[in-house]
Amino acid sequence: MQPASLLQEIAEEIRGCTRCPLARARTQTVPGEGNPISDVLLVGEGPGAREDATGRPFVGPAGQLLEELLASIGWERRDVFIANIVKCRPPGNRDPEPEEIAACRPYLERQEAALDPALIVTLGRHSLQRYLPGARISSVHGQLRRQGGWHVFPMYHPAAALHQASLRETLFADMRGLPAALLAAREAIDAERTESVQAISPDPAPPAPTAETDDAEQMTLF
Ligand code: URA
């Protein structure tokens, strides 16, 4: 099945989800949205009030800053896929509970598998813990990491910069490193694929000479 159909199927399941108590308080689920063939998956924490009202991720004040950050490197929302650790709003924007994160995790895992992104950008500490358990955001932000089969680029959550103005510069500086991180991730993936193809293929037999190659050799000889 194509990524777009898979992501659609997952979104439909999320819309009917009752796996955790967040289902009772939500207005709408927020499954995620974006380009189904993007190489970049952005993972936030969980929907806020505006996301809960609209069913779309990052459409409130943090989303506005996220769009500015993307625009600063010439990207738009439609260049990436945006999802969250939990798909329903924790009441009052509290942190999601570990059981809520665990209940929602299979949806995120299926989104990851459907998209198979070259790079996962974590936004905030809950997302960071999903991909780099135990890492501290202050130590790893803006650095490309390889973990659990994914290339991960941790960033502060845009909402953090709304509360702490000094983080704004850090976010924009980290964002400037994103295109190079994506390039490095793609190159590493290509190199791994080439290695694994070489590992499973026997040495190729030398090509049988054809009239053309004979001619070419003779031309070289003369
Ligand atoms: N914050 C998040 O982590 N996700 C959203 O979708 C919106 C705000």
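Notes on the structure follow. The model shown is predicted, which means the values in this text are computed figures rather than measured ones. (Residues numbered from 1 in each chain as written. Predicted model: local features only at pLDDT ≥ 70, side-chain atom pairs only at ≥ 80, totals over all residues. Heavy atoms only, no water.)

As for the environment of R176
Thought 1: Within the secondary structure, R176 sits in helix 9 (residues 166-176).
Thought 2: Residues R176 and G142, 34 residues apart in the sequence, show an inter-C-alpha distance of 8.9 Å. (Helix = DSSP H or I, 4+ residues; strand = E, 2+ residues; numbered from the N terminus.)

Quick notes on the sheet that holds strand 1 (residues 33-34)
Thought 1: Within the open sheet, the six strands sit side by side as 1-3-2-4-6-5. Their pairing is mixed. With one partner strand each, in any of the chains shown, strand 1 and strand 5 (145-147) form the two edges of the open sheet.
Thought 2: Where strand 4 (residues 119-123) lies against strand 6 (residues 150-155), four bridges are found, and the strand directions are parallel. The residue bridging T122 from the neighbouring strand is P154, located in strand 6. (Pairing = 2+ DSSP bridges.)

So, the nonpolar core
Thought 1: Formed by 57 residues in total, the largest nonpolar core has its most connected members in L41, L42, W75, L119, V121, Y131 and L178.
Thought 2: Here the element with the most residues in this core is helix 5 (residues 98-115); it accounts for six residues.
Thought 3: In contact with Y131, other than residues within four places in its own chain, are L41, V43, L108, E112, I120, T122, Q147, W150 and V152. (Core = buried A, V, L, I, M, F, W, Y, C linked by side-chain atoms within 4.5 Å. Buried < 20%, exposed > 50% of the residue type's maximum accessible area, 1.4 Å probe, protein only. Contact = heavy atoms within 4.5 Å.)

A closer look at the layout of surface pockets
To find leftover empty space, one rolls a probe the size of a water molecule over the atoms.
Thought 1: Here the largest pocket is characterised by a volume of approximately 700 Å³.
Thought 2: Forming the boundary of the largest pocket are 30 residues, of which E45, A62, H157, A159 and H163 lie nearest the centre.
Thought 3: Listed by contribution, the elements that provide at least two residues to the lining of the largest pocket are helix 3 (49-54), helix 4 (61-71), helix 6 (125-131) and helix 8 (158-163).
Thought 4: Looking at which element gives the most residues to the lining of the largest pocket, the answer is helix 8, with four residues.
Thought 5: Looking at the lining of the largest pocket residue by residue, the class counts come to 14 nonpolar, ten polar and six charged. (1 Å grid on protein atoms, 1.4 Å probe; cavity = no way out; pocket = protein on both sides within 12 Å on 5 of 7 lines; lining within 4 Å. Points joined across faces, edges and corners; volume = space filled by probe spheres on them. Nonpolar A, V, L, I, M, F, W, Y, C, P; charged D, E, K, R; others polar.)

Here we look at the pairing of strand 2 (residues 40-44)
Thought 1: Burial analysis of strand 2 places five of its five residues in the buried class, which makes it a mostly covered element.
Thought 2: Alternating residues of strand 2 divide into V40, L42 and G44 and L41 and V43, and every residue in both groups is buried.
Thought 3: In this sheet, strand 4 lies alongside strand 2 in parallel orientation, the contact comprising four bridges. Bridging from a neighbouring strand, L42 pairs with V121 of strand 4.
Thought 4: Across four bridges, strand 2 lies against strand 3 (residues 81-84) in parallel orientation. The residue bridging L42 from the neighbouring strand is I82, located in strand 3.

Interpretation in functional terms is not warranted from these geometric data alone.
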